[in-house]
Number of protein chains: 4
Amino acid sequence: MTQLEAQDPARLGKREKTKAANQQAILDAARKVFAELGYGATTVRDIIRGTGLASGTFYNYFKSKEEVFQALMDESALRVRPALIQERLKATTFEEFLRGMFLVFFSYVVDDNRAYTMMRANSGQIRVRMDTPEVIAGFDELRVDIDDGIERGVVPNVDPEYLTAALIGIAFEMADRMVQRDDPDPIAAADFATALVVGGIDLVPHKK
Amino acid sequence: MTQLEAQDPARLGKREKTKAANQQAILDAARKVFAELGYGATTVRDIIRGTGLASGTFYNYFKSKEEVFQALMDESALRVRPALIQERLKATTFEEFLRGMFLVFFSYVVDDNRAYTMMRANSGQIRVRMDTPEVIAGFDELRVDIDDGIERGVVPNVDPEYLTAALIGIAFEMADRMVQRDDPDPIAAADFATALVVGGIDLVPHKK
Amino acid sequence: MTQLEAQDPARLGKREKTKAANQQAILDAARKVFAELGYGATTVRDIIRGTGLASGTFYNYFKSKEEVFQALMDESALRVRPALIQERLKATTFEEFLRGMFLVFFSYVVDDNRAYTMMRANSGQIRVRMDTPEVIAGFDELRVDIDDGIERGVVPNVDPEYLTAALIGIAFEMADRMVQRDDPDPIAAADFATALVVGGIDLVPHKK
Amino acid sequence: MTQLEAQDPARLGKREKTKAANQQAILDAARKVFAELGYGATTVRDIIRGTGLASGTFYNYFKSKEEVFQALMDESALRVRPALIQERLKATTFEEFLRGMFLVFFSYVVDDNRAYTMMRANSGQIRVRMDTPEVIAGFDELRVDIDDGIERGVVPNVDPEYLTAALIGIAFEMADRMVQRDDPDPIAAADFATALVVGGIDLVPHKK
DNA sequence: AATGAATGAGCGTTCATTCAT
DNA sequence: AATGAATGAACGCTCATTCAT
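Participant: Please explain the nonpolar core as it appears in this structure.
Facilitator: Nonpolar side chains tend to gather and get buried jointly when the protein is soluble and globular. Counting residues in each nonpolar core, the largest one holds 84 residues, and the members touching the most others are Phe102(A), Phe106(A), Leu163(A), Phe102(B), Phe106(B) and Leu163(B). No other element matches the 13 residues that helix α9 (residues 160-179) of chain B contributes to this core. Discounting residues that sit within four places of it in the chain, Phe106(B) has contacts with Ala171(B), Met174(B), Ala175(B), Met178(B), Pro186(B), Ala189(B), Ala190(B) and Ala193(B). Counting 82 residues, the second largest nonpolar core, distinct from the first, contains Phe94(C), Phe102(C), Ala189(C) and Phe94(D).

Put into structure tokens, the structure is as follows:
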């Protein structure tokens with residue numbers, strides 16, 4: 001039943017339709033208020049207030065505030081990670097590897113900058129960035145790829161932890177500025193970041 | 001403390017001494033528990049418990065939990081900013097400028113990593129990073145210096161906002177990994193970061 | 001159930017049959033979970049979960065959680081009361097009267113100790129006993145019978161209220177212990193209780 | 001300090017005085033509403049509403065609803081238990097033993113019938129009796145004494161568990177009626193209960 | 001200035017009940 | 001009649017802040 005109806009969303013009963021709509025409404029509202037207030041300051045009531053639903057209804061869809069937050073982060077990470085993996089697989093040079101990765105990330109950020117600002121939400125004057133397990137896992141994969149690349153000689157033999165850190169730092173911080181521009185250009189940003197790292201990597205102290 | 005002062009009440013105005021000591025005691029206790037529990041999970045009672053003072057007394061020194069947090073962050077930034085300014089002033093090349101800046105920052109982070117881990121406190125599975133106004137201001141100054149350097153021809157003519165972002169991203173993210181090492185080496189980290197940027201900057205798209 | 005009825009939908013009005021079956025299913029499930037969790041801790045969802053019905057359906061049969069509880073207690077009391085009345089009617093001596101009453105009660109408790117433990121459900125460390133109107137009514141009848149017995153000279157002329165109270169106290173408290181024994185013996189319990197009261201009643205202060 | 005001041009309650013600082021007064025106010029209010037509504041139906045807000053204090057203040061004195069309930073029951077039990085123990089110790093015959101015990105219990109109930117009605121609170125139509133660990137412990141002591149008495153030949157050799165149950169049942173149920181009389185007479189009640197048991201015990205089946 | 005009890009808004013969450021389907 | 005999602009009042013409890021002492 002579920003399967004049959006899932007094939008054609010238009011044929012869903014009214015009940016199923018509102019259920020799906022409510023689920024999405026909660027996710028959307030949560031994304032918005034988490035972005036505005038940050039995780040800590042956000043209350044469940046803040047979230048449901050943005051949906052017009054009753055407070056109890058929240059708990060028909062998510063077991064807790066943390067669960068909806070996780071769902072949101074996973075939703076985001078799930079969208080980038082496969083693309084990042086693709087890029088890494090098809091890269092044959094370090095430059096391709098970098099450019100692919102930066103481009104995917106910056107493009108995702110532009111497409112979905114609401115989810116992104118959530119990670120960067122500032123409550124009051126304090127800038128906050130939150131990395132959830134899915135996000136951390138994504139970065140761990142990058143680290144593995146870099147280790148692998150060093151072994152295969154594709155990536156210069158530099159401190160892999162620092163390199164990973166530098167890439168992540170560049171990616172997030174630049175993305176932050178990019179999305180605040182009038183006409184964000186992921187390609188230009190990826191070019192910038194790629195060039196910086198590709199050009200610099202050779203001067204970085206290599207392990208003997 | 002009470003005992004020591006009781007030995008020589010005449011030495012100096014007890015009031016003033018106690019006031020300064022209490023202020024500092026609160027800051028010290030706050031630094032400690034914010035680092036342990038993170039901002040959100042820390043209660044005012046957690047802070048004053050570490051001082052032996054009464055909860056109400058907290059409010060003689062700080063208007064709110066947020067204010068003591070700000071004071072703490074400012075205190076930290078106040079220690080780095082003058083040093084960062086010094087470095088920028090005495091730099092004659094872009095490389096000197098970068099190395100000086102990274103070294104000051106990484107050294108500060110190692111010296112005072114309690115304050116730093118506070119910015120990185122994680123609650124549950126979620127990593128959180130908090131940048132306060134003073135820190136942000138410190139980096140805004142960096143931006144001004146970069147603009148200035150470009151004008152004077154010392155810094156290559158690249159997108160200054162992206163460059164600033166890249167430097168900040170590299171600095172914070174690398175610092176994060178560095179402090180978790182057994183024997184953190186700010187010089188090595190500064191060398192790595194400096195080489196990366198110095199080497200790469202020429203390949204980065206220049207403005208006409 | 002659904003399957004059985006599907007085999008012969010014509011046999012009898014499906015409606016009526018289902019209605020009665022559902023009503024009983026709710027009562028059965030309620031008896032079970034009230035016994036397990038106690039009244040306070042039991043939720044309507046706990047009850048209907050044991051029936052396969054939907055939560056809203058509960059309210060087609062009972063107006064509230066309290067109503068189903070009352071129905072349950074009444075159902076129990078309804079089973080004992082007629083038997084108790086029988087015993088009282090056929091008793092010709094005080095001893096017969098007592099033995100009959102205790103035996104009926106202890107037998108009922110053993111047969112239906114689920115309903116009985118419900119009255120004794122404990123939440124945490126706290127033992128709770130609940131007596132509902134029907135049960136109370138049952139014992140009020142006992143009082144009437146005792147008054148009557150005194151008037152007719154069958155029951156010694158002692159304080160009838162205290163006598164009723166003593167009988168009730170003995171009955172409930174002994175039943176409590178009896179059901180926790182490996183092999184509960186209502187006859188032995190009735191003998192014990194009867195002997196205690198029959199033997200003692202003569203020493204009890206009589207009214208002039 | 002505490003000791004010195006405890007010697008003269010009149011010399012207590014205002015703070016200590018209100019603290020003690022509030023503690024007592026909460027206990028009093030709790031006793032009252034538990035008696036009215038029963039444990040399950042009573043909310044912390046119901047309790048503090050009866051004191052004029054703020055809801056949070058409750059938690060300065062008791063960690064939870066359960067804790068205040070326990071405190072209340074212990075307070076009661078603590079008052080009877082020592083007296084009951086005294087009576088048992090000084091009894092040389094079974095009759096003395098019984099009379100002493102019943103008299104202490106009935107007297108206590110009359111003196112403090114608010115605490116007692118709590119154990120008998122009815123919520124709606126449902127009579128509830130709650131026995132807390134302290135109360136249960138008190139009954140366990142009775143059981144031990146009975147076992148002991150049987151061994152020493154002071155108490156007839158009947159089923160000790162049933163005998164304990166019967167005594168407890170008689171005590172509680174009779175107390176219940178007694179307190180509702182215009183002029184409760186603990187001595188008369190104790191005479192009644194003692195006579196009933198003393199007279200009956202010989203007819204009760206003895207173990208061979 | 002220091003104290004710490006009092007305050008009460010607000011939290012995350014539950015659940016008896018209603019009602020659109 | 002049956003469904004089960006929606007409702008929202010109420011729960012136990014926390015804690016930043018106030019204020020009488």
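Participant: It is not clear to me how the pattern of salt bridges should be interpreted in this structure. Could you clarify?
Facilitator: Two side chains of opposite charge can pair, provided their charged atoms sit close to one another. Counted by the stated rule, this structure contains 50 salt bridges over all chains. Notably, a salt bridge pairs Arg152(C) with Asp148(C), separated by 3.0 Å at the nearest N-O pair. Of this pair, Arg152(C) and Asp148(C) both sit in helix α8 (residues 133-152), four residues apart, roughly one helical turn. Classification of Arg152(C) as exposed rests on a relative accessible area of 54%. Salt-bridge contacts for Asp191(D) lead to Arg99(D); the nearest nitrogen and oxygen are separated by 2.5 Å. Pair noted here: Asp191(D) is in helix α10 (residues 186-201) and Arg99(D) is in helix α6 (residues 94-111), with a separation of 92 residues, a long-range link.

Participant: Can you walk me through the packing of helix α6 (residues 94-111) of chain B against α9(B) in this structure?
Facilitator: In helix packing, the relevant descriptors are the interaxial angle and the interaxial distance, both defined with respect to the helix axes. Residue and element names in this part refer to chain B. Where α6 meets α9, the closest approach of the two axes is 10 Å, and the angle between their N-to-C directions is 35°. In this structure, the crossing between α6 and α9 has a hand that is right-handed. Where α6 approaches α9, its residues Phe94, Leu98, Met101, Phe102, Phe105, Phe106, Val109 and Val110 are matched on the opposing element by Leu163, Leu167, Ile170, Ala171, Phe172, Met174, Ala175, Met178 and Val179. Among the residues making up the contact of α6 with α9, the classes are represented as 17 nonpolar, no polar and no charged.

Participant: Mind showing me how you'd approach the protein's contact with DNA strand E here?
Facilitator: The full set close to DNA strand E counts 39 residues, and Lys14(A), Thr43(A), Arg45(A), Val44(C) and Asn22(D) are the nearest of them. The contact atoms of DNA strand E, taken as those within 4 Å of the protein, divide so that sugar and phosphate hold 59%. Take Ala54(D): an N or O atom from its main chain is 2.9 Å from a phosphate oxygen of DNA strand E. Note that a base nitrogen of DNA strand E is positioned 3.3 Å from one of the backbone N or O atoms of Gly56(D). Of the residues contributing to the surface near DNA strand E, the split by class is 10 nonpolar, 18 polar and 11 charged.

Participant: In this structure, what is going on with the protein's contact with DNA strand F? I would like to understand it.
Facilitator: Surveying the vicinity of DNA strand F reveals 40 residues, the closest of which are Asn22(A), Val44(B), Lys14(D), Thr43(D) and Arg45(D). Of all DNA strand F atoms lying within 4 Å of any protein atom, the proportion belonging to sugar or phosphate reaches 61%. At a separation of 3.2 Å, a base nitrogen of DNA strand F approaches a polar backbone atom of Gly56(A). Take Asn22(C): an N or O atom from its side chain is 2.8 Å from a phosphate oxygen of DNA strand F. Of the residues in the surface near DNA strand F, the class split is 10 nonpolar, 19 polar and 11 charged.

Participant: Just checking my understanding: could you explain the environment of Asp148(D) for this structure?
Facilitator: Judged by its relative accessible area of 34%, Asp148(D) is partly exposed. Remark: the alpha-carbon pair of Asp148(D) and Lys207(D), spanning 59 residues in sequence, is separated by 15 Å.

Participant: Would you explain the packing of aromatic side chains in this entry?
Facilitator: Each aromatic ring pair is summarised here by two numbers: the centre-to-centre distance and the angle between the ring planes. Scanning the model with the defined rule gives 32 aromatic pairs over all chains in all. Measuring from centroid to centroid gives 5.0 Å for Phe58(C) and Tyr59(C), while their planes differ by 75°, and the two rings are edge-to-face. Centre to centre, the rings of Phe102(D) and Phe106(D) are 5.9 Å apart; their planes meet at 10°, and the pair counts as stacked. Here Phe102(D) pairs with Phe106(D), and both are found in helix α6, just four residues apart, close to one helical turn. You'll find Phe102(D) and Phe106(D) in the same group, each marked buried. The cationic tip of Arg181(C) hangs over the ring face of Tyr162(D); the distance from NZ or CZ to the ring centre is 4.0 Å.

Participant: What exactly am I supposed to notice about helix α10 (residues 186-201) of chain A here?
Facilitator: Along an α-helix, residues three or four positions apart point the same way, because every turn accommodates 3.6 residues. All names here are of chain A. The terminal C-alpha atoms of α10 lie 22 Å apart, and with 16 residues this matches the ideal 22 Å at 1.5 Å per residue to within 8%. With 13 of its 16 residues buried, α10 lies for the most part within the structure. Where α10 starts, the residue carrying a side-chain oxygen 3.0 Å from the main-chain nitrogen of Ile187 turns out to be Asp185.

Participant: In this structure, what is going on with the confidence of the model for chain A? I would like to understand it.
Facilitator: Low-pLDDT portions of the prediction should not be read for the details of their coordinates. All names here are of chain A. Of all residues in chain A, 81% have pLDDT values of 70 or greater, and the mean over the chain is 79. Mean pLDDT values for the elements of chain A range from 37 in strand β1 (residues 122-123) up to 93 in helix α4 (residues 55-61). A low-confidence stretch, residues 1-9 stays under pLDDT 50, and its non-local contacts, those more than four residues away or across chains, total three contacts. Confidence over residues 118-126 falls short of pLDDT 50; this stretch has 41 contacts with residues more than four positions distant or in other chains.

Participant: Whenever I open this one, the packing of α6(B) against helix α10 (residues 186-201) of chain B confuses me. Can you help?
Facilitator: Residue and element names in this part refer to chain B. Packing of α6 against α10 leaves a shortest axis separation of 8 Å and a crossing angle of 145°. Like other packed secondary-structure pairs, α6 and α10 cross with a definite hand, here right-handed. Along its contact with α6, which presents Phe94, Glu95, Leu98, Arg99, Phe102, Leu103, Phe106, Ser107 and Val110, the element α10 presents Pro186, Ile187, Ala189, Ala190, Asp191, Ala193, Thr194, Val197, Val198 and Ile201. The residue makeup of the contact of α6 with α10, split by class, is 14 nonpolar, two polar and three charged.

Criteria and thresholds
- Numbering of residues starts from 1 in every chain and runs along the sequence as written.
- Here chains are named by letter from A upward and ligands by number from 1 upward, in the order in which they appear as written.
- The predicted origin of the model limits local features to residues at a pLDDT of at least 70 and limits the giving and counting of side-chain atom pairs to 80 or more, whereas totals for whole chains, interfaces and linings rest on all residues.
- To get the side-chain values, all heavy atoms of the structure are used, and hydrogens and water are removed first.
- We call a set of buried residues a nonpolar core when its members are Ala, Val, Leu, Ile, Met, Phe, Trp, Tyr or Cys and they connect through side-chain atoms within 4.5 Å of each other.
- Residue exposure (1.4 Å probe, protein chains only): buried if accessible area is under 20% of the type maximum, exposed if over 50%, otherwise partly exposed.
- Numbering of helices and strands runs from the N terminus, with a helix taken as a DSSP run of H or I at least four residues long and a strand as a DSSP run of E at least two residues long.
- Whether two residues are in contact is decided by their heavy atoms, any of which lying within 4.5 Å being enough.
- Each salt bridge in this description consists of a side-chain nitrogen of Lys or Arg and a carboxyl oxygen of Asp or Glu lying within 4 Å of one another.
- Working convention: axes come from line fits to C-alpha atoms, limited for helices to the stretch in contact. Angles between N-to-C directions cover 0 to 180 degrees.
- By the definition used in this description, the sense in which the near helix is turned from the far one sets the handedness, with an anticlockwise turn below a right angle giving left-handed and a clockwise turn giving right-handed.
- Each residue is assigned to one of three groups, with Ala, Val, Leu, Ile, Met, Phe, Trp, Tyr, Cys and Pro labelled nonpolar, Asp, Glu, Lys and Arg labelled charged, and all others, Gly among them, labelled polar.
- When at least one non-hydrogen atom of a residue lies within 4 Å of a molecule or strand, that residue is treated as near it.
- Two N or O atoms count as a polar contact when they lie within 3.5 Å, although within protein this holds only if one can serve as hydrogen donor and the other as acceptor, and sequence-adjacent residues are included solely when both atoms are side-chain atoms.
- Whether two aromatic rings pair depends on their centres lying within 6.5 Å, for rings of Phe, Tyr and Trp, where Trp uses its six-membered ring; planes under 30 degrees apart make the pair stacked, over 60 edge-to-face, and the rest tilted.
- Each ring is checked for a lysine NZ or an arginine CZ that lies within 6 Å of its centre and within 35 degrees of its normal; such an atom marks a charge sitting over the ring.
- Expected helix span is taken as 1.5 Å per residue step, with the number of steps being one fewer than the number of residues.
- Confidence scores labelled pLDDT are given residue by residue by the predictor and lie between 0 and 100.

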